[in-house]
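One letter stands for each residue in the lines below.
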Number of protein chains: 2
Amino acid sequence: MSSTATKSNGRGRPKVRPSVLGNRKPSARASAAEKEQDIYDAIVASVMGQRLKPGTKLPELALCELFGVGRSLVQKVLQRLAHDHVVQLRPNRGAIVAMPSPEEVGQLFEARRALEASVLPLVAERAARADYASLRRQLREEHKAMHRYAQTQWAGLASAFHLRLGELSGNPILYRYLSEIISRCSLVVALFQPPGNATCEHEEHVRVVDYLEQGNVRAAQREMKRHLIDLEHHIRLVEESTDQSLADILGLAAE
Amino acid sequence: MSSTATKSNGRGRPKVRPSVLGNRKPSARASAAEKEQDIYDAIVASVMGQRLKPGTKLPELALCELFGVGRSLVQKVLQRLAHDHVVQLRPNRGAIVAMPSPEEVGQLFEARRALEASVLPLVAERAARADYASLRRQLREEHKAMHRYAQTQWAGLASAFHLRLGELSGNPILYRYLSEIISRCSLVVALFQPPGNATCEHEEHVRVVDYLEQGNVRAAQREMKRHLIDLEHHIRLVEESTDQSLADILGLAAE
DNA sequence: TCCTTATTTTTTGTCGTCAATTAATGACTT
DNA sequence: AAGTCATTAATTGACGACAAAAAATAAGGA
């Protein structure tokens, strides 16, 4: 018999109360809506920062204690996360961090190519000189930042250009769809991204703006499409090169 | 003093317990998930059938009694309806049936044109002979049904063609976005549709399929775009011709 | 030794209850 | 008489509680 276990009959599921997830103080008191957003942001940030790996379970009670809120708020957040494909929600089995299959990744990038191409004509139709100037300014900032920051924080900056294009389309609906897709792509990139490699997308971005400003929409679409295909290929390479981590992932999922 | 009101001091908000909404028996016992879907479908059907007019309030308690479920289920349904833009959810003020502004309608149709155009190349790339045959069969059915049924039930059939195209694209993500947009468009059509007018879209649909099967994607896109612009114009005309109903709508919203 | 089974804990799904905000009227004031 | 204020109902927001399903292990059998 072990020394510490006092007569534990040992039948049934073992109690795992230690709650390995670090205990975070409930921070400053905030309104419920803000708390909800905080929880959402915290989970998204953890997934993006690879501290929550795909397949990890997210029990409601743990999140409740961790953030000091009731289950209704946690459920609402999980619902939203599921809608944004950050987590997967299985009936009666709870939420786990999403792990998109290679097939889904393909569909994701295909949809992204289609959407971004559809957005460009609207941009060309509506953007003014000042908008192009602001785009180019943003591209310069992005280029400078790329060398300065770690790519973890830089991940968001890379998408900013694409998001800005969606914004310039002047159509909020297409913009929201594009935001959703870009977020999911960023998540995929984050999942397969070994630290310290990031493609420089600067030149391709500049070319897209050039074509747009010249009024050559067709060329801009071609350039954008090629750029996105490049990005996908890059992900695929990384994905293949790290298939031993796939075992890790499965191991962790089984945990 | 009135005869029935026994000493009602009459101060404060009057009690309006009669619950004017007809009481529906809780029907057959179903699993919770099915009940949720039932509630969702019932509300969508009521909105589509113009029995729930824009601006109508949807109190949670009323829905609870009406369907015999707790508030959590109703809240989940309202959340979903809000996400699908069937209802509008205002903080602390409950849900009302959505009433899209003319501007939103414009953005909606613009987004739809963009999406449907993006889908066509994928369809042309992937559809096989059998798919085109099935499309044409569906078009014939649609044409026959158009003369037989009332347009209320026919509203769903009209969208079926477009949905099928989205399905044939082979991309579930684009298909879901297209479904969302088409649903919202159908809702707009339902809102502004006086009984007994429906455009015959048959010929235009056939032309799109013709072009697609010939491999002339560009022409198919042009045809589709024109078809959708026609549809939007038709809505606009109806909308203008019924602006006295706008007063009705506002009156009802103030109720 | 491996597979099946029984039991216990965990975890989710749903409901009812309480506090807080909003809406709607009558009463009061100018 | 019209506008403002106070009082009351209605309604949402959030929490905790109970029941049901799933998960995880030890015990028992082939």
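- Chain A appears in an unreviewed UniProt entry as GntR family transcriptional regulator from Alloalcanivorax balearicus MACL04.

## Brief notes about the pattern of salt bridges
Oppositely charged side chains are able to pair whenever their charged atoms sit close together.
Residue and element names in this part refer to chain A.
And then number 1: Throughout the structure, instances matching the rule amount to 26 salt bridges over all chains.
And then number 2: Among the salt bridges present, the one from Arg112 reaches Glu116, with a minimum N-O distance of 2.9 Å. Here Glu116 and Arg112 lie together in helix α4 (residues 102–126), a separation of 4 residues that amounts to about one turn. Each member of the pair, Arg112 as well as Glu116, carries the same accessibility label: buried.
And then number 3: Where Arg207 meets Glu223, a salt bridge forms, and the shortest distance between an N and an O atom there is 3.0 Å. Taken together, the positions of Arg207 in helix α8 (residues 202–214) and Glu223 in helix α9 (residues 217–241) put the pair 16 residues apart, joining distant regions of the chain.
And then number 4: Since its relative accessible area comes to 37%, Arg207 is described here as partly exposed.

## Here we look at the sheet that holds strand β1 (residues 57–58) of chain A
All names here are of chain A.
And then number 1: The antiparallel open sheet is built from 3 strands, whose spatial order is β1-β3-β2. On the outer flanks of this sheet lie β1 and β2 (87–90), each paired with one strand and no other.
And then number 2: Judged from the 4 bridges that link them, β2 and strand β3 (residues 94–97) form a sheet pairing that is antiparallel. Pairing of Gln88 across the sheet is with Ile96, part of β3.

## Observations concerning the packing of aromatic side chains
And then number 1: For the coordinates displayed, the defined rule picks out 1 aromatic pair over all chains.
And then number 2: Centroid distance A:Tyr177 to B:Tyr177: 4.1 Å. Interplanar angle 20°. Geometry classified as stacked. Of this pair, A:Tyr177 sits in helix α7 (residues 172–192) while B:Tyr177 sits in helix α7 (residues 172–192), each in a different chain.
And then number 3: The positively charged end of A:Arg80 is found above the aromatic ring belonging to A:Tyr40, 4.2 Å away from the centroid.

## Re a positive patch on the surface
And then number 1: On the surface, A:Arg218, A:Arg222, B:Arg218 and B:Arg222 cluster together to form a positively charged patch.
And then number 2: The set of elements that each furnish at least two residues to the positive patch consists of α9 of chain A together with α9 (217–241) of chain B.
And then number 3: For A:Arg218, the location among the structural elements is in helix α9.
And then number 4: On the accessibility criterion, A:Arg218 (46% relative accessible area) is partly exposed.

## Re the side chain of A:Ser169
And then number 1: Relative to the assigned elements, A:Ser169 resides in the loop between α6 (151–168) and α7.
And then number 2: A distance of 3.2 Å separates a polar side-chain atom of A:Ser169 from the backbone nitrogen of A:Asn171.

## Brief notes about the environment of A:Val206
Residues and elements named next belong to chain A.
And then number 1: Structurally, the position occupied by Val206 is in helix α8.
And then number 2: The class of Val206 is partly exposed, set by a relative accessible area of 21%.
And then number 3: Linking Val206 and Leu174, residues 32 residues apart in sequence, is a C-alpha distance of 22 Å.
And then number 4: Apart from the residues lying within four places of it in its own chain, the contact partners of Val206 are Arg136 and Leu139.

## Topic: the interface of chain A and chain B
And then number 1: Counting residues at the interface gives 24 residues for chain A and 24 residues for chain B.
And then number 2: Taking both sides of the interface into account, the surface hidden between chain A and chain B amounts to around 2,000 Å²; carbon and sulfur atoms contribute 54%.
And then number 3: Interface area lost by chain A to chain B is led by A:Glu110, A:Ile173 and A:Tyr177, which between them contribute 29%.
And then number 4: Across the contact surface, chain A and chain B share 2 salt bridges.
And then number 5: Where chain A packs against chain B, one counts 10 residue pairs in polar contact (both at pLDDT 80 or more).
And then number 6: At the level of secondary structure, the elements contributing two or more residues to the side of chain A that touches chain B comprise α3 (71–83), α4 and α7 of chain A.
And then number 7: The element contributing the most residues to the side of chain A that touches chain B is α4(A), with 9 residues.

About the cut-offs
- Residues numbered from 1 in each chain as written.
- Chains lettered and ligands numbered in written order.
- Predicted model: local features only at pLDDT ≥ 70, side-chain atom pairs only at ≥ 80, totals over all residues.
- Heavy atoms only, no water.
- Salt bridge = Lys/Arg side-chain N within 4 Å of Asp/Glu carboxyl O.
- Helix = DSSP H or I, 4+ residues; strand = E, 2+ residues; numbered from the N terminus.
- Buried < 20%, exposed > 50% of the residue type's maximum accessible area, 1.4 Å probe, protein only.
- Pairing = 2+ DSSP bridges.
- Phe/Tyr/Trp six-rings, centres within 6.5 Å; stacked < 30°, edge-to-face > 60°.
- Lys NZ or Arg CZ within 6 Å of the ring centre and 35° of its normal.
- Patch = residues over 30% accessible without salt bridge, like charges linked within 9 Å, V, L, I, M, F, W, Y side chains within 5 Å.
- Areas by Shrake-Rupley, 256 points an atom, 1.4 Å probe, with all protein chains shown as cover.
- Lys, Arg positive; Asp, Glu negative; His and termini not counted.
- Charge placed at Lys NZ, Arg CZ, Asp CG, Glu CD.
- Polar contact = N/O pair within 3.5 Å; in protein donor to acceptor, adjacent residues only side chain to side chain.
- Contact = heavy atoms within 4.5 Å.
- Buried area = accessible area lost by both parts, 1.4 Å probe.

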